[in-house]
Structures are given as C-alpha cells and as structure tokens.
Amino acid sequence: MNIMPPIAASAATAQQFTLTNAWGMRVTISERGAALVSWQAPDRYGRMADILLGYPENEYLRHHRHAWFGAIIGRWANRIARGRFKLDGRVVQADVNDRGNLLHGGDAGFHTAHWDGEMAHGGLALSYVSPDGQGGFPGTLAVQVFYQLDDDGSLTIEYQATCDAPTPVNLTSHPCFNLNGGTADVGDHMLRIDADHYLAIDELGIPVGRVEVAGTPFDFRQPAAIGPRMRWPDPQIRIAGGFDHCYCLPSDPREPGRLRNVARVFDPGSGRQLDVATTEAGLQFYSGNGLTGVRGRHGVTYSRHDGFCLEAGAYPDQLNGKGAAAVILRPGQVYRQTTVYKVSLQT
C-alpha cells in the first residue's frame with residue numbers, strides 16, 4: 001500500500017490524501033469530514049471506475065453543512081428520537097435536524113468538521129476534537145480515525161475516542177457505493193446480510209421493535225437482488241421508500257467486539273464484490289431512497305437508488321432503550337471500533 005502526497009490546499013480548505021495498492025486501486029480521503037471521496041477499482045476486464053458516489057470536487061475543499069457522502073458520522077450516527085435521552089439521571093437535549101429527531105450528529109456533526117490528516121504507520125490518521133456542548137452533547141471528545149488500504153483490496157477503518165465527561169458515542173462511516181461505477185442503479189446488485197433480525201421503524205425512522213427477517217423482503221441471508229425486494233408490498237418498505245433499516249448482527253457472547261464478516265454485495269455486470277466486516281452490533285442498510293436530485297461529481301445528478309450504504313455502528317436510538325449504558329463513554333475509557341470494506345473480483 002502506498003500513500004500519494006496530499007493535494008495542496010489553503011488554510012481555509014481541506015487537504016486530500018490518496019491511498020493506493022499493488023492492483024491499482026486508489027482511495028482518496030478528504031480532511032473535510034474525514035470523508036472517503038472516491039475509490040477507483042478495476043472490473044473483471046481491468047477497467048477502472050469510481051465505485052463511490054460523491055459531491056463535486058469543490059464541496060470537499062471547503063467547510064459546509066452538506067449531507068454525508070463518505071464522511072465519518074458522529075457524535076451519534078443514525079437517529080435519536082426527539083434528540084433527547086437521559087444521561088446519569090438528567091435529560092440531555094441534542095440538536096434535531098430530521099423531522100424533530102437527531103440524525104447523524106445533527107447539523108454540527110462530524111461530517112461538517114475539519115479533521116487534521118497525517119500520513120503515518122502505512123496509512124492515514126485523521127484527528128478531531130469535538131468541544132463540550134457541540135450539537136448539544138456533553139463533554140469534550142477527542143477522536144482519531146485511521147485508514148489503511150491493503151493489497152487484497154481491504155480498506156480498514158479503525159476508530160478511537162476518549163472523553164473528559166460521560167457522553168454517548170456512536171461513530172460510523174457513510175460511503176455510498178455503486179459497484180457498477182454508475183452505469184446503472186444498484187437494483188441488480190446481489191446482497192447478503194448475515195442477520196436473522198432487523199429493527200422495524202415508525203414513520204419518522206425511529207425503531208419500534210426487533211423483527212425476524214424470515215418471510216419478509218428483509219431476508220438477505222441468501223443473496224438476493226436489491227431491486228425486486230424494494231417492490232414487495234411491505235409496509236416497512238413503503239415507510240422508508242426502500243430500505244433504511246438496521247440489521248441486528250449476531251455475535252459470540254464469549255468474544256464481544258470481535259471483527260467478523262457480516263455482509264457481501266456482488267455486481268453481476270462488473271464482477272466487483274464488496275465484503276463488510278465489523279466489530280459492531282448493527283448494520284444500517286440504506287438503498288439510496290433520497291438521492292433524487294443530489295448533485296454529484298462530473299456534472300451528474302443522482303437518482304433514487306443510484307447507490308447503497310452499509311453503515312456499521314450501534315443501534316439507532318439505542319440511548320433510549322435497554323442497551324443505553326453500552327453506548328456511554330466515560331473518562332478513562334477508550335471507544336474503539338473497526339470496520340473493513342473489502343473490494344475484490346468474484347471468480
């Protein structure tokens with residue numbers, strides 16, 4: 001794995017860094033939001049294409065409050081109902097930005113921040129300090145994210161965070177993939193998710209219960225094309241306009257936090273395959289339901305289902321459920337997470 005020199009930028013803009021491997025893959029990362037900007041990968045014929053959706057170039061070179069393509073999400077990924085939760089007996093009110101709820105850290109989330117990037121230890125380290133009260137969250141949080149691209153096509157993302165006061169932490173990466181490189185939508189992508197349950201949601205996207213996938217369009221325990229599943233007459237598909245649901249990933253209670261393979265996506269046209277491994281309990285599958293009209297790079301305007309996301313993290317609104325204690329970071333503790341996106345060719 002090699003690291004290209006950063007693209008120069010003024011003090012008011014963000015540098016970009018490019019990681020490469022022996023097979024010609026190129027992953028570009030911006031200091032704006034610590035975001036994955038692009039991922040050039042070959043198809044079965046050796047033709048390179050960008051398998052990530054992304055904004056026009058200048059959107060990554062300035063500070064703004066745009067959406068989340070490729071960015072690191074925090075302090076809380078996914079949703080918190082009404083932006084409200086209890087912490088050590090007191091009610092905390094975080095910012096709301098999605099139909100009265102908090103989504104992806106709010107408008108002051110980590111995707112808007114300038115991260116300091118440095119080439120180190122064979123990869124790229126990016127750091128950010130979130131001040132006390134940012135987005136309504138208590139405590140100062142120091143975060144580091146480390147990216148490494150290996151010759152087998154694995155992009156490893158390692159997260160670490162510490163705090164000076166109790167605070168919720170749930171970080172994720174938000175790449176939006178299209179394995180055919182944008183020649184069509186993702187309807188024919190074959191998806192497998194190793195989970196027996198998912199979280200059903202209400203009209204505002206807040207979980208209302210754990211449901212078995214068996215007999216529903218959410219059953220991807222065997223590979224199935226995404227597109228036909230979105231046409232099932234299922235009320236949960238109607239609510240979200242597709243998929244925007246968290247899968248409950250199985251884990252071994254004897255080895256909590258173990259990195260394990262949880263999902264695979266295959267594009268029949270290009271032969272590209274994406275494998276996802278994570279240490280986390282949840283995997284949010286989003287089928288690009290809200291992409292219509294979003295302006296992308298090279299003058300492209302995206303349409304519904306032009307990309308998909310597989311975001312590893314805690315459960316949405318977990319702060320208001322039985323597992324709340326598990327997502328509170330306290331002084332002296334270290335938050336750690338690892339997620340790996342591996343791109344290869346199916347033979």
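Looking at an unreviewed UniProt entry, one finds the chain named Aldose 1-epimerase and attributed to Pseudoduganella lutea. The UniProt entry for the chain carries this comment under Pathway (unreviewed entry): "Carbohydrate metabolism; hexose metabolism."

> Where do I start with the nonpolar core in this structure?
One broad rule of soluble globular proteins: the nonpolar side chains tend to lie buried together. By size, the foremost hydrophobic cluster in this structure holds 62 residues, and its most contacted members are Trp39, Trp115, Tyr147, Ile193, Tyr247, Phe285 and Leu310. Apart from the residues lying within four places of it in its own chain, the contact partners of Tyr147 are Leu19, Ile29, Ala34, Leu36, Ile72, Gly123, Leu124, Leu126, Leu155, Thr156 and Ile157.

> For this particular structure, what's the right way to read the packing of aromatic side chains?
Each aromatic ring pair is specified by the distance between its two centres and by the angle formed by the two planes. With the rule as written, the count across this model stands at 15 aromatic pairs. On the numbers, 5.4 Å between centres and 50° between planes, the contact of Phe177 with Tyr341 is tilted. Remark: Tyr341 occurs in strand S27 (residues 335-345) and Phe177 occurs in the loop between strand S16 (172-173) and strand S17 (190-193); sequence separation between them is 164 residues. Where Tyr198 meets Tyr247, the ring centres are 6.4 Å apart and the plane angle is 45°; that geometry is what we call tilted. Remark: Tyr247 occurs in strand S21 (residues 244-248) and Tyr198 occurs in strand S18 (residues 197-201); sequence separation between them is 49 residues. Each residue in the set Tyr198, Phe218, Phe220, Phe243, Tyr247 and Phe285 is aromatic and connected to the rest through ring pairs, giving one cluster. In this structure, Arg229 is placed above the aromatic ring of Phe220, and the distance from its NZ or CZ to the ring centre is 4.9 Å.

Conventions and cut-offs
- Residues numbered from 1 in each chain as written.
- Predicted model: local features only at pLDDT ≥ 70, side-chain atom pairs only at ≥ 80, totals over all residues.
- Heavy atoms only, no water.
- UniProt positions renumbered as here; feature names shortened; annotations may be inferred.
- Core = buried A, V, L, I, M, F, W, Y, C linked by side-chain atoms within 4.5 Å.
- Buried < 20%, exposed > 50% of the residue type's maximum accessible area, 1.4 Å probe, protein only.
- Contact = heavy atoms within 4.5 Å.
- Phe/Tyr/Trp six-rings, centres within 6.5 Å; stacked < 30°, edge-to-face > 60°.
- Helix = DSSP H or I, 4+ residues; strand = E, 2+ residues; numbered from the N terminus.
- Lys NZ or Arg CZ within 6 Å of the ring centre and 35° of its normal.

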